[in-house]
Each structure stands twice: as C-alpha cells, then as structure tokens.
Amino acid sequence: MKLIHIVLLFLCFHLNLCVSSTSDPSQEDPVDSKCLLKKYTHLSCTKVFCQPWQKCIDGTCTCKLPYQCPKNGTSVCSTNGKSYPTYCHQKSFECLRPGAKFLNQGTCTAEGKFNVSLSYGNTDSEGIVEVKLVDQKEKMFICKRSWSMTEANVACVDLGFQQGALSTQGRFYPPTDLHINTTECLHVQCRGLETSLAECTFTKKRTKIYQGLAGVVCYTQDTASPTDRSFQCVNGKSIAWEKACNGVNDCGDQSDELCCKGCRDQSFLCKSGVCIPSQYKCNGEVDCLTGEDEVGCEGARLPETQGLSHSTQEEKEIEELLTPDMDVERKWTKSLLPTVSCGIPRNMHIRRKRVVGGKPAQVGEFPWQVAIKEEENINCGGIYIGGCWILTAAHCVRPSKAHHYGIWTGLVSRVKYTTASAIQKVQKIIVHENYNGSTYQNDIALIEMKKKANHKECHFSNSIPACVPWSPYLFQPNDRCIVSGWGREKDNQKVFSLKWGEVKLIGNCSKFYSNRYYEEEMQCAGTEDGSIDACKGDSGGPLVCMDANNVTYVWGIVSWGENCGKPEFPGVYTKVANYFDWISYHVGRSLISQYNV
C-alpha cells in the first residue's frame with residue numbers, strides 16, 4: 001500500500017497530475033488529468049489558433065519569416081530601432097529574435113521610449129505599476145479597476161519575469177507625503193499573450209471616482225509556495241488549483257485553460273476542452289477551434305463594448321484613447337491571411353438521423369465523395385481534398401497499378417450515370433510509408449489525378465473538397481458524423497447507389513477490439529444497435545463531421561471492422577487529423593490549410 005502511495009506522489013509532482021477537489025467538493029473537478037500529460041500551451045495549435053505571425057508545424061506554433069506576413073497594414077517601430085511595414089512583420093521578427101519587442105505604431109523616431117517599472121515594493125519583483133507612454137513626458141500609474149492577472153502577467157514578462165505574475169495583491173508603501181491623484185490613472189486592456197505592455201491598449205477616463213492603483217507581485221522561485229492543491233503550469237509556475245479552467249490565463253502560457261472538462265466562473269467551454277473568457281463569446285473573432293463561440297450571436301453585444309462593463313455610459317463617452325489598439329491590428333491581419341474553400345456543398349441541407357441501413361444520396365449532396373474504379377469494378381471509395389488530390393485507404397490501392405485505376409467524381413448511381421459524373425485518370429499513388437497491412441496502422445494513401453491537356457490545375461465542376469482537420473480536438477466522442485459509400489449491405493447484397501448514414505464517434509474503442517486498436521491513429525464510430533455501419537466496399541470512403549458553422553471535415557477514412565452492422569462491432573476509421581502534416585507534405589500546405597497557415 002505504501003508503494004502505491006509513493007508512486008501516486010511521484011506522478012503528482014513530476015507529471016503534472018496533482019488533482020484535488022474544487023472549492024465545492026460536490027462538483028466534479030473540471031481538469032482533464034490525462035490531457036495534462038500532453039503539456040499543451042498557447043503554442044499548441046492542436047488546441048488553439050496560432051498568431052498571424054506564426055504557422056502550425058507538427059502541432060506547434062512556430063515563427064513565420066517576416067515576408068510571409070500580409071503586406072497590408074500600418075508600419076510599426078521595434079525596440080531594436082527598426083521600422084517594419086506591419087505589426088505582423090514586427091512580431092514575426094520578434095518571434096525569431098525575442099529581444100526586439102514592439103515599441104509603438106508608426107515609423108521609428110529618435111525620441112520616445114516606452115517604459116514600465118515597479119515602485120514602493122520591498123523587492124524589485126513587486127510594487128505599484130508605473131508606465132511612461134511613448135508620447136508622454138511623465139510616468140503615470142495604472143488604475144486598479146482595469147487591472148487583472150491578464151495585464152499583470154504581461155507586465156511581469158515585460159520586466160523580465162518570464163513566468164509572469166504571482167498576484168495582483170501586495171503590501172506596497174508609497175511615502176505619506178506623495179500626492180497621488182488616483183482619478184488621473186490610466187486604464188489598460190491586454191489579451192494576455194503580449195510580450196510588452198506597449199502592445200496593450202491604454203485609455204484615460206476623466207472621472208472624479210477614486211480608482212485605486214494597480215500593483216503586482218511577479219513570480220519568482222522565492223515568492224513561489226506550491227502546495228498539494230497547486231496546479232503545475234507547463235512553464236514551471238504554480239498556481240492555486242481553483243484557478244485552473246476559469247477562463248483566465250493565470251499561468252501566462254495558457255496551460256491552465258487547455259485541458260478542461262468544464263469551466264468555472266461563467267467562462268465559456270470550447271468543445272476542444274479550452275476555457276475562454278466569457279467576453280470572447282460573440283466578439284467577432286473565432287476563438288474556439290470549431291467556432292462555437294461565434295454561433296447564435298445575433299443581437300449580441302458589439303465587440304468594442306466588451307470588457308468595459310465596469311464603466312458607466314458617461315465614462316465611456318469621455319474615454320480618451322492614448323495608444324493604438326494593436327488587437328484590432330492583429331484581427332485585421334488575420335482577415336488578410338489566405339483561406340481555403342472547402343467543406344460546404346452548394347445545395348447543402350442539414351441531414352438528421354439517417355453503408356448499411358443508410359439512405360440514398362442525392363446528386364451534389366456529397367461532392368467530396370469519389371469512387372475508385374479498378375478495371376470494371378468499384379471496390380473502394382475516396383475523398384476529394386482539393387487540387388488534383390484524393391484521400392483513401394492504403395489497403396485500397398497499389399502504387400504499381402496506378403494506370404489501372406479510374407476516379408469517378410459526382411457519381412451517385414452505378415447504373416444511372418448523369419452529366420454530373422466524370423472519370424479521371426490517375427497520375428500517381430502515395431501509400432503511407434509506415435502502413436501495416438496486418439494491423440491496419442497508418443491505413444492512408446493519396447491519389448494524384450492527371451491534369452487535362454493544356455491545363456495547369458485540376459478543376460471539377462461537380463466536386464467540392466472536404467476540409468482536412470489539423471487538430472484531433474475538433475470533434476469529440478458522441479459527436480454525430482456521416483459515413484457514405486457504395487459498400488454491401490450486411491446480408492452481402494450489392495448496393496447500386498451511394499448511401500449515407502449517421503453514426504456517433506466512440507471513445508476508447510479498445511474495449512471492442514483489444515490489442516488491435518490504436519487510439520492516436522484510429523477512430524471508432526457506429527450506432528448502439530449497429531443499424532448504421534460501413535461495410536465491405538465502403539473502404540477508403542469518408543467519415544465526415546460538421547462543425548458549428550456547418551463546415552464539413554473528413555474526420556476518418558473507412559478502414560476496417562468486424563461483423564458489419566452488428567452491435568458491439570463499430571466501424572474503425574483512419575483518424576485523418578493524425579496525418580495532417582503527412583498530407584500537407586505531399587500536397588502542399590496551402591492547398592489544405594484553412595487555419596494556422
């Protein structure tokens with residue numbers, strides 16, 4: 001018994017698994033301890049969107065080269081004394097050379113330096129916050145009313161404390177003879193991932209209300225006092241367990257908000273397990289990977305009024321903006337990034353309830369579905385993902401037989417061809433280099449179709465690509481998705497028309513297929529009674545899921561299963577999100593990257 005206790009203590013303190021009850025013991029702990037092992041941070045693009053000056057590579061936000069930023073925007077000045085054409089260019093350079101921070105909007109001049117400092121504390125890591133804005137001669141204090149851990153973390157990082165703030169509360173003792181006019185302090189608003197307070201928005205509200213002054217205690221090893229109720233941030237910082245999953249980036253690297261089963265304090269829970277501040281809901285910017293924070297926002301508050309609920313209408317009217325709003329510039333940059341048109345059929349209608357037990361598809365209903373014809377037979381399906389590329393199962397094709405295959409697009413009936421259907425020749429086939437035919441691991445392949453004579457690109461008027469998912473958190477167990485194909489019915493009868501059926505994603509499929517199911521590479525889906533299922537002949541075809549904005553992603557490729565159409569034997573699919581980088585390596589990232597480009 002003692003040995004088990006020692007092992008649990010080791011896991012707790014060395015693997016970030018310290019789990020304790022919330023402040024209300026009756027409530028379930030909102031933190032997903034299994035997820036914590038992955039050590040997700042604000043740079044984990046399987047959980048969050050990268051900044052416009054970053055791109056997602058192998059699940060991590062990495063620096064773009066400056067020239068990859070959009071050219072539109074306003075010039076900015078860096079602390080290295082150089083001017084850059086846009087905020088994105090400067091942040092991209094800073095990403096590569098962290099010492100060159102943002103200074104101010106506009107071109108660099110000889111005068112003007114931004115400065116933040118702490119006064120009246122017992123050490124250099126604490127005190128009342130003072131700032132000197134670029135175009136101001138005197139230092140000014142910050143109002144306590146606008147100050148939170150979000151701004152405090154940025155201030156401490158700006159001062160060189162890379163783990164951010166410990167607290168916004170401290171005992172600070174300004175001289176008794178110091179006359180401080182607290183009605184003249186500044187208000188500041190940050191998003192929390194800025195590297196300097198200079199990037200945050202400073203305003204001044206003319207009011208006679210006593211406001212108090214903002215202070216901070218920056219996090220150091222001397223100030224840290226972790227307990228058995230502490231949450232261990234990925235950056236090494238310890239915070240109170242009750243602060244995890246409350247929508248506030250207390251860690252500074254966001255690791256306390258990325259592995260959540262629920263959210264505290266009315267913050268908003270994204271389907272991907274991320275808690276975001278409630279004011280990010282309906283703010284005009286998609287913050288959740290699947291966009292549910294911007295759904296149903298008709299009549300919601302305007303973005304510019306959010307975060308100001310503590311002010312009276314009179315205060316808003318006399319608010320003076322002292323610095324440019326770089327958050328607006330960041331959003332503007334995002335709007336200029338390239339996008340991919342995928343996942344929305346022209347004649348889309350929402351399908352509900354109701355391939356074994358499926359319903360016949362209508363022309364144009366599944367414009368990404370293709371049939372792979374070998375000689376005179378259709379034995380497999382595939383998914384159009386854009387350009388000249390088809391995604392299918394590795395067990396469906398052989399590279400040496402590329403010239404034997406034809407790709408039917410727009411096909412819904414084997415016996416009644418329409419003007420919408422057409423056949424394409426195959427240029428080459430790429431099977432995943434680690435495909436294992438005995439275990440069906442890495443059961444994925446790409447087919448490149450031949451371009452028509454005198455055409456530089458492939459274009460099919462009857463096809464629309466399905467989006468390729470980059471994150472395994474876009475969809476979750478119990479989400480309803482659709483499988484389609486020309487596979488046989490469970491009595492082995494041939495099917496002559498494309499059929500579709502609705503299935504549920506299933507978690508932990510090892511209980512059905514012990515020692516054969518690989519969680520990262522495979523996805524189970526089915527129905528409780530087995531009435532809807534993929535079957536022989538559906539292989540290589542799509543399992544598609546639709547996000548909150550009705551955009552369709554190819555979540556799985558029909559791979560294998562047992563006893564199709566029977567309970568307790570769900571279909572097994574290749575999990576496409578696990579192969580995003582492999583796909584993009586072969587087809588080109590710009591073809592399939594809708595986000596995190």
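The shown structure was predicted, so the numbers you read here are calculated from the model rather than taken from an experiment.

### Remarks on the overall build of the protein chain
Item 1. Along the protein chain, the regular secondary structure elements total eight helices and 30 strands.
Item 2. Looking at the protein chain as a whole, 54% of its 597 residues qualify as buried.
Item 3. Carbon and sulfur atoms provide 51% of the accessible area of the protein chain, an area that totals close to 28,300 Å².

### Notes on helix α3 (residues 87-96)
Item 1. Within α3, eight of the 10 residues are buried, leaving the element largely enclosed by the surrounding structure.
Item 2. Tucked into the core, α3 has its buried residues touching β3 (76-78), β4 (83-84), β5 (102-105) and α6 (326-336).
Item 3. At the N-terminal boundary of α3, the capping side chain belongs to Thr-86, with an oxygen 3.3 Å from the backbone nitrogen of Cys-88.

### Concerning the pattern of salt bridges
Item 1. According to the stated counting rule, one finds 17 salt bridges in the structure shown.
Item 2. Glu-374 is paired through a salt bridge with Lys-401; the nearest N and O atoms lie 2.6 Å apart. Taken as a pair, Glu-374 in strand β19 (residues 369-374) and Lys-401 in the loop between β21 (389-392) and β22 (405-409) lie far apart in primary sequence, 27 residues in all.
Item 3. A cluster of three or more residues bridged by salt bridges with shared partners is formed by Arg-191, Glu-285, Asp-287, Asp-327, Arg-330 and Lys-334.

### Here we look at the packing of aromatic side chains
Item 1. Counting across every chain of the model gives 12 aromatic pairs.
Item 2. Ring centres 5.6 Å apart and planes at 85 degrees place the aromatic pair Tyr-87 and Phe-102 in the edge-to-face group. Taken as a pair, Tyr-87 in helix α3 and Phe-102 in strand β5 lie far apart in primary sequence, 15 residues in all. Each member of the pair, Tyr-87 together with Phe-102, is buried.
Item 3. Each member of the aromatic cluster is reached from another via a ring pair, and the members are Phe-49, Trp-470, Phe-475, Tyr-553 and Trp-555.
Item 4. Over the face of the ring belonging to Tyr-473 we find Lys-47, whose NZ or CZ atom lies 3.9 Å from the ring centre.

### Let's talk about the nonpolar core
Item 1. One finds Ile-385, Leu-391, Leu-446 and Ile-583 to be the most contacted residues of the largest nonpolar core, which totals 70 residues.
Item 2. In this view, Ile-583 contacts Ile-385, Leu-391, Ile-444, Leu-446, Val-468, Val-576, Gly-588 and Ile-592; residues no more than four positions away in its chain are not counted.
Item 3. Grouped together as the second largest cluster of nonpolar side chains are 39 residues, Trp-53, Ile-142, Val-216 and Met-326 included.

### Description of the sheet that holds strand β20 (residues 377-386)
Item 1. Strand order in the closed barrel formed by six strands is β19-β20-β21-β24-β23-β22, and the pairing between neighbours is antiparallel. Within this sheet the neighbouring strands show an average axis-to-axis angle of 40 degrees, counted without direction.
Item 2. Summarising the sheet, β19 and β20 pair through six bridges and their orientation is antiparallel. Paired with Val-370 across the bridge in β20 is Gly-382.

### Concerning a nonpolar patch on the surface
Item 1. A contiguous nonpolar patch, built from Leu-65, Tyr-67 and Leu-96 and spanning about 320 Å² of accessible area, is present on the exposed surface.
Item 2. On the basis of relative accessible area, Tyr-67 is assigned to the exposed category, the value being 63%.

### Quick look at the environment of Tyr-553
Item 1. Following the sequence through the fold, Tyr-553 ends up in strand β29 (residues 552-560).
Item 2. Among the residues examined, Tyr-553 registers a relative accessible area of 2% and is labelled buried.
Item 3. A C-alpha to C-alpha distance of 9.7 Å links Tyr-553 and Ala-577, two positions 24 residues apart in sequence.

### Let's talk about the state of the cysteines
Item 1. In this structure the tally under the stated criterion is 19 disulfides.
Item 2. Paired by a disulfide, Cys-50 and Cys-61 hold their sulfur atoms 2.1 Å apart. Judged by the torsion about the S-S bond (-95 degrees), the Cys-50/Cys-61 disulfide is left-handed. Residue Cys-50 is found in the loop between α2 (33-36) and β1 (54-57), and its partner Cys-61 is found in strand β2 (residues 60-63); the two are separated by 11 residues along the sequence. With respect to class, Cys-50 is no different from Cys-61; both count as buried.
Item 3. Residue pairing for Cys-143: its cysteine sulfur links by disulfide to Cys-185, the two sulfurs lying 2.0 Å apart. Its S-S torsion of approximately 110 degrees makes the covalent link between Cys-143 and Cys-185 right-handed. Of this pair, Cys-143 sits in the loop between β8 (140-141) and α4 (149-158) while Cys-185 is found in the loop between β9 (165-167) and β10 (187-189), placing the two residues 42 residues apart along the sequence.
Item 4. According to the relative accessible area criterion, Cys-185 is buried, its value standing at 2%.

### Considering unusual backbone geometry
Item 1. Notably, Tyr-120 is not glycine yet its phi reads approximately 70 degrees, a positive angle.
Item 2. Take Tyr-120: it is sitting in the loop between β6 (115-119) and β7 (126-132).
Item 3. A positive phi angle, near 55 degrees, is found at Asp-265, a position not held by glycine.
Item 4. With respect to the element layout, Asp-265 can be found in the loop between β14 (238-240) and β15 (268-269).

### Quick notes on the sheet that holds strand β17 (residues 319-321)
Item 1. Strand order across the open sheet formed by three strands is β10-β11-β17, with antiparallel pairing between neighbours. Each edge of the open sheet carries a strand with a single partner, namely β10 and β17. Here the average twist between neighbouring strands, direction ignored, is 30 degrees.
Item 2. Of the strand pairs in this sheet, strand β11 (residues 201-205) and β17 are connected by three bridges, and their pairing is antiparallel. Residue Thr-203 lies in a different strand from β17, and its bridge partner there is Leu-321.

### A few points about the pairing of β6
Item 1. With four of five residues buried, β6 is to be regarded as a mostly interior element.
Item 2. Here β6 runs beside β7; their pairing, made up of five bridges, is antiparallel. For Ser-119, the partnering residue across the bridge sits in β7 and is Ile-128.
Item 3. Hairpin remark: β6 followed by β7, antiparallel, with six residues in the connecting loop; positive phi at Tyr-120, about 70 degrees.

### What about the confidence of the model for the protein chain?
The predicted coordinates of low-pLDDT regions are not to be read in fine detail.
Item 1. Put simply, the protein chain has an average pLDDT of 83, and 81% of its residues get 70 or more.
Item 2. Every residue in residues 302-317 scores below 50 in pLDDT, and together they form 22 contacts with partners more than four places removed in sequence or on other chains.
Item 3. Scored below 50 in pLDDT, residues 348-357 shows 40 contacts in the model against residues more than four places distant or in partner chains.

Reading the values: the criteria
Residues numbered from 1 in each chain as written. Predicted model: local features only at pLDDT ≥ 70, side-chain atom pairs only at ≥ 80, totals over all residues. Heavy atoms only, no water. Helix = DSSP H or I, 4+ residues; strand = E, 2+ residues; numbered from the N terminus. Buried < 20%, exposed > 50% of the residue type's maximum accessible area, 1.4 Å probe, protein only. Areas by Shrake-Rupley, 256 points an atom, 1.4 Å probe, with all protein chains shown as cover. Contact = heavy atoms within 4.5 Å. Polar contact = N/O pair within 3.5 Å; in protein donor to acceptor, adjacent residues only side chain to side chain. Salt bridge = Lys/Arg side-chain N within 4 Å of Asp/Glu carboxyl O. Phe/Tyr/Trp six-rings, centres within 6.5 Å; stacked < 30°, edge-to-face > 60°. Lys NZ or Arg CZ within 6 Å of the ring centre and 35° of its normal. Core = buried A, V, L, I, M, F, W, Y, C linked by side-chain atoms within 4.5 Å. Pairing = 2+ DSSP bridges. Axes fitted to C-alpha atoms, helices over the stretch in contact; angles between N-to-C directions. Patch = residues over 30% accessible without salt bridge, like charges linked within 9 Å, V, L, I, M, F, W, Y side chains within 5 Å. Disulfide = S-S within 2.5 Å. pLDDT = per-residue confidence, 0-100.

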